[in-house]
Amino acid sequence: MGGRRSASRGSVTAETAAMLPALMVVLAAALWAIQAVGAQLECVDAARAAARAAARGEPMSQVRDRARSATRADARIAVSRDIDLTKVQITVEVRPAWGGSLPAVQVSATATADTEPHLSVP
């Protein structure tokens, strides 16, 4: 009885080898999603900090520098300030480092703050 081999011997290894490329694609997609979520959180934090700074009356160049230092260098930053409301929108394109030919995912965040009453809006 010990000398007989099963007909399915080695099938687990073959199935694992066939499934491995699909597993790698799923893992790569998960890592890309985590990278995009991290960039989204960076944008949210940077937009909040920039909106608070702009609402306090800091110069727009400093507001943009503050936002850029809190997120990526290639971020698009839009700041608008009027008498009542200050708004900052930050947009970043996320592309996986390992897949330069893949399309980028665009993430953005917007933050608003009440403009300080003593400010004169340009």
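Our structure is the block above this text.
1. Things to note about the overall build of the protein
A count of helical and extended segments in the protein gives two helices and three strands. When the helices and strands of the protein are listed from N to C terminus, the series reads α-α-β-β-β. Here the protein holds 122 residues, and 28% of them are scored as buried. For the protein, the accessible area works out to roughly 8,200 Å², and carbon and sulfur atoms hold 58% of it.

2. Notes on the environment of Leu-85
As for its position among the elements, Leu-85 is in strand 2 (residues 85-94). Overall, Leu-85 belongs to the partly exposed group, its relative accessible area being 38%. In sequence terms Leu-85 and Asp-114 are 29 residues apart; their C-alpha atoms lie 4.7 Å from each other.

Conventions adopted
Residues numbered from 1 in each chain as written. Predicted model: local features only at pLDDT ≥ 70, side-chain atom pairs only at ≥ 80, totals over all residues. Heavy atoms only, no water. Helix = DSSP H or I, 4+ residues; strand = E, 2+ residues; numbered from the N terminus. Buried < 20%, exposed > 50% of the residue type's maximum accessible area, 1.4 Å probe, protein only. Areas by Shrake-Rupley, 256 points an atom, 1.4 Å probe, with all protein chains shown as cover.

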